[in-house]
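# A look at the structure
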Amino acid sequence: MMSGSAAAIPLRATAPDDRVLARVLAAYVASATIWLVFTTAVGLLVSFKFAYPDFATTPALSFGRLRAIHTSGTFYAWASQALIGLALFIAARSSGARLYSERLAWISLALLNLAAVLGTVTLDLGFSYGQEYREWLWWIRAILGLGLITAVWNMIATVERRDSEHIYISNWYTIGGTLWTIVMVVVSMLPWYQFGLGQVAVQAFFMHNAVGLWFTPLSLGVSYYALPKLLNRPIYSYSLGVLAFWTNLIFYPIVGAHHFEFSPLPWWLQTTAIVFSVAMLVPVLSGTANFLLTFRGTHEWIYRSPAVFILVAVYGYLLGSTQGTLEAFRSLQQLWHLTNYTVGHSHLTMYGFVTFAIWGGVYAILPRATGKYPYNLAMGIHFWLSGVGVLIYVVALSAAGTIQGLDWFRGLTFIQSVEDAAPYWLWRSVGGSLMFAGHLIFAFNVWTMTYGRSCAELAPAKAVPA
């Protein structure tokens, strides 16, 4: 089961800088939530363009510009800011130490917001680097990199001041993920490979690792802290968590090349990516088992708790990652590559896993930091709107993508595949509308937990110090 005190979060009734931590966390979550509402509104507009192609056709509202604004914004403004804010809080509280530098935390948030604003404006003006998930111009990505560097500096310095020998498992994931991402950003900006096949290889490295070496470890790190708080019990196994951490680092960096199968990239590189995609089942299954075994015996209670958000995230992690392994095989790449199926897959991982993990972390930690709690009803409405919405979204696009691939197998024209997929695009907009409505409810809940009035109290038997 557990490996001594290293596996459990030390229960601390008070912290030396509660107000500082609460203020920093509230600012990061509030800022991230504003970006969530904005960028998903853009995404919803983009979804309507599929069903109604003559809608909003000005250059500033064109698909090419808005799609990049939506993806980059959700990645680096919503998810990154929320995860970094939670990670800074966790670093301090799990270590029993003061946050190393409040000023550094504000600098990080300012740099992340500056990069997001500049990236959004330049993309809408038509200035783009042109590579998926790194459309921002190089100097804007450099500002993003500085934000990450200052954040991880703050995390490491805080954990270094810990009051015990062991480093809690959450900090392994959050610090490791941030360090890996700095390396990834630097590699993606080196000019020597940004042409020909070198650019294709670097794009594969960056695109997939943005999910697997940034969002995945930070989301898991947040869950490793938030779940014990919500269930009032330790994580099932420290060893499983460490196994998943190191195997994720070993297997994930090469996986991105499976996005370029049947391309001019060397065949051996594509095959290696497939092998490593299968090997990724090791960290995925060990991590999933660790969380599900922690949930064991609590099912009657978790459905009335924010822990249900983390439960969905765990299943999203398992299904999305297993789906990614299957998609890596050449036979299935022939069917699904370049179809709507991959868009559904990306939302299953970034939304069904990462975003639900963030929400679980916010609902678990933010109220305990600020002393303000959301309406249970509003939290439930948020859960069902977002959960049902993403289910409709993923199923609709998975069906549309499969139909497109089968049409191409049969030698039908491209326009025929478009006509066959079109009915499912309206369902995509329906799902996206429900998801966006859920985001508005979440924004209200964040206001309640930060700068508004407290609306509810957690059950005293389940409330534990943050």
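Quantities reported herein were computed from a predicted structural model and do not represent experimental measurements. (Residues numbered from 1 in each chain as written. Predicted model: local features only at pLDDT ≥ 70, side-chain atom pairs only at ≥ 80, totals over all residues. Heavy atoms only, no water.)

## Some details on the pattern of salt bridges
By the definition in use, this model includes four salt bridges. One salt bridge in this structure joins R93 and D18, with 3.3 Å as the shortest N-O distance. Linking R93 in helix α2 (residues 63–95) with D18 in helix α1 (residues 18–51), this pair joins segments that are 75 residues apart in sequence. Since its relative accessible area comes to 33%, D18 is described here as partly exposed. We note a salt bridge from R410 to D407, for which the minimum N-O separation is 3.3 Å. Of the residues examined, R410 reaches a relative accessible area of 61% and is grouped as exposed. Among the residues examined, D407 registers a relative accessible area of 2% and is labelled buried. (Salt bridge = Lys/Arg side-chain N within 4 Å of Asp/Glu carboxyl O. Helix = DSSP H or I, 4+ residues; strand = E, 2+ residues; numbered from the N terminus. Buried < 20%, exposed > 50% of the residue type's maximum accessible area, 1.4 Å probe, protein only.)

## Quick word on the nonpolar core
Among the nonpolar cores identified, the biggest contains 124 residues, and W78, F295, I358 and W359 are the most heavily contacted of them. The biggest single contributor to this core is α2, with 18 residues. Those residues in contact with W78 that lie beyond four places of it in its chain are A32, T33, W35, L36, G73, T355, I358, W359 and F442. (Core = buried A, V, L, I, M, F, W, Y, C linked by side-chain atoms within 4.5 Å. Contact = heavy atoms within 4.5 Å.)

## Considerations on unusual backbone geometry
Even without a glycine there, the phi angle at F262 is positive, about 65°. The phi dihedral of L338 falls on the positive side, at around 70°, and the residue is not glycine. Take L338: it is sitting in the loop between α12 (330–336) and α13 (340–370).

## Observations regarding the environment of A226
When you line up the elements, A226 lands in helix α6 (residues 196–231). Residue A226 is classed as buried on the basis of its relative accessible area, which comes to 0%. If we skip the residues at most four places from it in the chain, A226 touches I310, G360, G361 and A364.

## Observations concerning the packing of α13 against helix α14 (residues 376–409)
Any two packed helices are characterised by how steeply their axes cross, that is the angle between the axes, and by the distance between the axes. Across the interface, α13 lies against α14 with an axial gap of 7 Å and an inter-helix angle of 165°. As the angle between them shows, α13 and α14 are arranged roughly antiparallel. The way α13 lies across α14 gives a crossing that is left-handed. Among the residues forming the contact of α13 with α14, the class breakdown is 14 nonpolar, ten polar and no charged. (Axes fitted to C-alpha atoms, helices over the stretch in contact; angles between N-to-C directions. Parallel < 35°, antiparallel > 145°, perpendicular 65-115°, else oblique. Left-handed = near helix turned anticlockwise from the far one by under 90°. Nonpolar A, V, L, I, M, F, W, Y, C, P; charged D, E, K, R; others polar.)

## A short note on the packing of helix α11 (residues 307–328) against α13
At a minimum axis separation of 8 Å, α11 and α13 run at an interaxial angle of 155°. When the axis of α11 is compared with that of α13, the two are roughly antiparallel. As α11 packs across α13, the resulting crossing turns out to be left-handed. Between α11 and α13, the contacting residues are F309, I310, V312, A313, G316, Y317, L319, G320, Q323, G324 and E327 on the first element and Y341, T342, H345, L348, T349, G352, F353, F356, A357, W359, G360 and Y363 on the second. The class makeup of the residues in the contact of α11 with α13 is 13 nonpolar, nine polar and one charged.

## Description of the layout of surface pockets
Each pocket or cavity is described by its volume, and for the second largest pocket that value is around 290 Å³. Lining of the second largest pocket is provided by 13 residues; of these, V312, L348, G387, V390 and L391 occupy positions nearest its centre. Listing elements by their share of the lining of the second largest pocket, those giving two or more residues are α11, α13 and α14. Sort the elements by how many residues they give to the lining of the second largest pocket and α14 lands first, with seven residues. Broken down by class, the residue content of the lining of the second largest pocket amounts to ten nonpolar, three polar and no charged. (1 Å grid on protein atoms, 1.4 Å probe; cavity = no way out; pocket = protein on both sides within 12 Å on 5 of 7 lines; lining within 4 Å. Points joined across faces, edges and corners; volume = space filled by probe spheres on them.)

## Considering the environment of L112
Inspection of the secondary structure puts L112 in helix α3 (residues 102–124). The contacts of L112, once residues within four sequence positions are left out, are Y28, Q81, I84, L144 and G147.

Remember, this is a structural readout, not a statement about activity or role.
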